[in-house]
Amino acid sequence: MTRVIASISTDEVCAAVKSFWEFFSRKSKSRFDEMYLPSATVFAADARRMEPARLMLVRREREIFSSGSFLTATLGPIEVQVLGPELAIASYPFQMSITRTLAGGKRVQVEVPSGRSTQIFQRDDKGRLRILHEHMSSAEPVSPKELPAIPAPPRA
Amino acid sequence: MNRAATPRVLFCTGGMEKISTEEVRKSIERFWAILSGKTAAKLEDLYSPGAIVFTGKAKRSEAGRLTAVRRSRQLPGASSNSIAEVGAIEIQFAGPDVAIAAYTYSFHTQKTQSDGTKVQISTPFGRATQVFQRNEKGALLIVHEHLSAAAPPEKAAQ
């Protein structure tokens, strides 16, 4: 069987990584979800075990995509390994800051100064690069810091 | 992106021996046997020349060959009681010549510090992603590795 496939370029992989973080920080949930293949698996930075991406997406919706949460990230140099016409690996360091508002108004901030990411991209049948496997971790222990609660607005 | 300008290649499936689950498991077993000092096989032989590795605590990735050389210097002897326990291995096959293995592990080893004292180091909640690719000679080699720990390693003086 012979197929004709568009080869993956380094620029295309870098663009996919940048889109991933743009959707993440802008809380574009549907576009963020679409970055993952249905069969994708993930090691989240704070998880002991690997899980299907769809589970991680449900958790991130609650934790990151809610109205009281904010995420900023800065990416380091992205290394790309093209393994075939449909498959490539992106690996890069990153810095990330997440602020979450918990039930009851309590706010916590998590700083990840030495994050590390491996994302394996595969081209889907529509030609889009999507994540097949992701491994995020931190080179240093990360502990959430409690922030002052936002005072409730005065009642009229 | 202008797809018309993208270089196109012909990709022929067939003619290449597919990677088996057993083959990947054996490569992972060999990797941990070397790291535990249970075999004299060379760690660098497991890595592709262009391999990239995130070790457990490094802030940046590095060439697999560098990692292998450094780890080989630090390998425990055969008489040490280093123990690696690998959890269930999930393998995703991405084409005929690439396999992505992901699993948890625990690793317990003894190290001698510069002052001569010995410490027991335990990584109870290790996580591993290893991407294997068959090379032109048919060998299954690691092209990418990401090891991390969900909790910091524990150190105890001996």
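Residues numbered from 1 in each chain as written. Chains lettered and ligands numbered in written order. Predicted model: local features only at pLDDT ≥ 70, side-chain atom pairs only at ≥ 80, totals over all residues. Heavy atoms only, no water.

## Quick word on unusual backbone geometry
Right, so step 1: Phi is positive for A:Lys27, which is not a glycine, with a value near 60°.
Right, so step 2: Looking at the secondary structure, you find A:Lys27 in the loop between helix 1 (10-25) and helix 2 (29-33). (Helix = DSSP H or I, 4+ residues; strand = E, 2+ residues; numbered from the N terminus.)

## What to know about the pattern of salt bridges
Right, so step 1: Applying the stated rule across the entire model yields twelve salt bridges over all chains.
Right, so step 2: The partner of A:Arg26 in a salt bridge is A:Glu22, and the shortest N-O contact between them spans 3.3 Å.
Right, so step 3: With relative accessibility at 36%, the residue A:Glu22 sits in the partly exposed group.
Right, so step 4: When the shortest N-O distance is used, the salt bridge between B:Arg71 and B:Glu145 registers 2.9 Å. Pair noted here: B:Arg71 is in helix 2 (residues 64-74) and B:Glu145 is in strand 8 (residues 140-149), with a separation of 74 residues, a long-range link.
Right, so step 5: Judged by its relative accessible area of 0%, B:Glu145 is buried.
Right, so step 6: Taken together, the shared-partner salt bridges connect A:Lys29, A:Asp33 and A:Glu61 into one network. (Salt bridge = Lys/Arg side-chain N within 4 Å of Asp/Glu carboxyl O. Buried < 20%, exposed > 50% of the residue type's maximum accessible area, 1.4 Å probe, protein only.)

## Structural notes on the confidence of the model for chain B
Residues and elements named next belong to chain B.
Right, so step 1: Residues at a pLDDT of 70 or more form 86% of chain B, whose mean pLDDT is 85.
Right, so step 2: Taken together, the stretch residues 1-14 has pLDDT below 50 and engages in 31 contacts with residues farther than four places along the chain or on a different chain.
Right, so step 3: Per the prediction output, this complex has pTM 0.88; the corresponding ipTM is 0.89. (pLDDT = per-residue confidence, 0-100. Contact = heavy atoms within 4.5 Å.)

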